[in-house]
Amino acid sequence: MGRLATIAGAVVVLAAAGCSDIEHSRTLGNPDVPARTLAQQVCSNCHGIDGNSTSPNFPRLAGQPEEYLRIQLTGFRSHGRSDPAGFEYMWGLSHHLTDGQIEGLASYFAAQAPTRNPDPPAGTPEQIRIGSDIFSHGVPGRNIPPCSGCHGDHGQGKGLFPRLAGQHADYLVKQLTVFQQTHQRPAGVAMSAVTHELTRENMKNVAAFLQAQ
Amino acid sequence: MRPRQLLDAAARIHSLLMAGAALLAACYSANGMAVPAFARQTGENCVACHAGGLFPELTPYGRMFKLTGYTLGERNIPLSVMGVVSDTKVSNTADPNGDPRADFPAKNGSLVFTTASVFLAGKATNNIGGFVQMTYNNYDHLDPNRNWRGKTVSDNADIRYADRFIDNRHDLVFGLSLNNNPSVQDVWNSAPAWGFDLVPGSNPIGLPTAPLLSGGLAQQVAGVGAYAYWNKTVYAELSAYRTADKFWSFMSQGFKFSDGSRNRLSGSAPYGRVALTRDWGPHSVMLGAMGLEAKLHIDPNDPGSPTNRYSDWGVDGQYQYILDPHAASAQVSYLHERIKYDASLAGQPGAYDASAGTALQPLTSSSDTLELFRAKASYVYRAAYGGTLSYFKLRGSYNSASQAGIPGDPTGLLAGFSPLLPSVSNNITGKPDTTGWTTEVFWLPVQYVRTGVQYTMFSRYLGAARNYDGWGRDAKDNDTLFFYVWGAY
């Protein structure tokens, strides 16, 4: 018992030391925890330390416009954004973030360098070519504007409009579906009209193109 | 199972489903008020940490939550409760020993409240968190009058200190775990503690024995281990266990040396674990190995008694594909055990052999080997509907010491055995070999409730497909239908 008791004692000492180690904290709801710490200790679990997530369940945040990230986090916190990806994961995590922490998190991920998406191609070369065409020219016959008009010529995003280049195709299709079929993302209400006439095939093609950028 | 029995079972399941639906409705109405402690702490849905919501299987994120000491989130009231209602139907419970009161498993064919647990679970400080479970088993044991009695016992406990050093180039999670079950601290669901037969009360006949590493020390020991997980690639852990008595008995409440429900370790037992992992896209894979070396006293009441030595090792692997609405996973585990018996146990007269009439078997062996292979595949759609298929194969050496269970033994060696022992436990082969499949379909109407039906088929039990007990009991007589409603708050 002596040895185990010694180790248990050491745990208590380490714990006492750990209580003040706010730089490694995973505590949500403490305004003193720096945003950078939250990004590293909490957000990185799903989005990657540099915002280049590997799992398509979680969007890539690297290089996203700061303004866009701030609005999304604020939307999660207020429950204004209520798509499944939002309420299943982000509502709770953002619940007690301060405005300062949100600003800091937006700044942290906006400053990360986006890397090329390592996922296998989400479509055939022909589908990617069609997706490229929709991205640059829209579908004039169905009143669908080009994505590049708001999201930038290279899908790099700007201001309120997210970066799309390199984003996971699966995430893009799911979000396009959310815009088209629900009111779960009121901050992106402009996308409701844009996506109204998009077919499932259109979405897959444009998402395949964007993931490959 | 015979056609008539199948019809009876179907009718019974229909009535149970109706009862279950009423229970689920009650659960749903309570949903908004109470959530499991970890979900309250992180504010996330169950699917964040559990693959397809299929508790307790962990997602990559859930693994990191556990490895970082359950410390992610906001400190909250660290209490949760869990309960299971189930109905078990074993194919054949006829008892050739003639005891009309023989009742295995408990209340065979009846819907019963099986078990309930209380959890103390959550974050304590920036670096310390824990998961401590106490469980009430409603049908724990038979009293001398052969009435079922309930009992509250310690269940899994894992208290951690963890820290994480992470930047753009390095990611090191380091931690210490104080726990009461080798592998309960593991985060992959191919390890024994969280791998197979996870629904409380399921597969009640199950494996007749298993390597010590597979639950043989659960809630009987206390151990401290250090672990490190580097760049989400390499995991290594080293722990040491000792008997959970005296100060440490809070981790083994309800288990006693005197009634044989607790083993006594001699000295400390080292346990080691390594794993290689990789996540890419929606995929996650782990390949690992583990080992345990332990000496158990022959008489747990006597710390001075001789010891048997158990040398266990195993390899395991897990694959997951998680991309909403799909969650698929596969686990595989192989455990090998070598038991070296103390000289006082080896070379003893073998037991009475029912199959041979009166002949004695060879002298008992000085060692045994045991191999347990298990594999499981699961799929969940929309975190609501799914199924599981699992396979188990236990093999072991012949030892006349394992032959047991027949009353009226002319040698008198088995005089201590209860003549009321159900024949399910008899073994005339002297081997543990058991093989079978379990299939399950389940439904999660809400994220805190799961209901399902399992069917376990045995193709071999205790060394034989037919007449393994010497009284005509076949392996398939142990086939088991199991219905359950499992909720947690």
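What counts as what
Residues numbered from 1 in each chain as written. Chains lettered and ligands numbered in written order. Predicted model: local features only at pLDDT ≥ 70, side-chain atom pairs only at ≥ 80, totals over all residues. Heavy atoms only, no water. 1 Å grid on protein atoms, 1.4 Å probe; cavity = no way out; pocket = protein on both sides within 12 Å on 5 of 7 lines; lining within 4 Å. Points joined across faces, edges and corners; volume = space filled by probe spheres on them. Helix = DSSP H or I, 4+ residues; strand = E, 2+ residues; numbered from the N terminus. Nonpolar A, V, L, I, M, F, W, Y, C, P; charged D, E, K, R; others polar. Buried < 20%, exposed > 50% of the residue type's maximum accessible area, 1.4 Å probe, protein only. Polar contact = N/O pair within 3.5 Å; in protein donor to acceptor, adjacent residues only side chain to side chain. Phe/Tyr/Trp six-rings, centres within 6.5 Å; stacked < 30°, edge-to-face > 60°. Lys NZ or Arg CZ within 6 Å of the ring centre and 35° of its normal.

(A) Main features of empty space enclosed by the protein. Residues and elements named next belong to chain B. Per the counting criterion, the structure on display carries seven cavities of 30 Å³ or more. In this structure, the largest cavity spans a volume of roughly 250 Å³. Along its surface, the largest cavity is lined by 21 residues, and Phe-196, Asp-197, Leu-198, Lys-376 and Thr-388 are the ones closest to its centre. Residue assignment for the lining of the largest cavity shows that the elements contributing at least two residues are β12 (367-381), β13 (385-396), β14 (434-446) and β15 (449-460). Per-element accounting of the lining of the largest cavity gives the leading share, four residues, to β13. Taken together, the residues of the lining of the largest cavity sort by class into nine nonpolar, six polar and six charged.

(B) Quick look at the environment of Thr-98 of chain A. Residue and element names in this part refer to chain A. Within the secondary structure, Thr-98 sits in the loop between α4 (84-94) and α5 (99-110). What makes Thr-98 partly exposed here is its relative accessible area of 27%. Once the C-alpha coordinates of Thr-98 and Asp-32 are considered, the two residues, 66 residues apart in sequence, prove to be 9.5 Å apart. Separated by 3.0 Å, the side chain of Thr-98 and the backbone nitrogen of Gln-101 make a polar contact.

(C) Local environment of the packing of aromatic side chains. Residue and element names in this part refer to chain B. Enumeration over the complete set of coordinates arrives at 28 aromatic pairs over all chains. Centre to centre, the rings of Trp-188 and Tyr-235 are 5.2 Å apart; their planes meet at 75°, and the pair counts as edge-to-face. With Trp-188 in the loop between β5 (171-179) and α5 (212-216) and Tyr-235 in strand β7 (residues 234-243), this pair connects stretches of sequence that are 47 residues apart. When sorted by exposure, Trp-188 lands in the same class as Tyr-235, which is buried. The ring of Phe-257 carries Arg-262 above its face, with NZ or CZ at 4.7 Å from the centroid.

That's the geometry; what it means functionally is another story.
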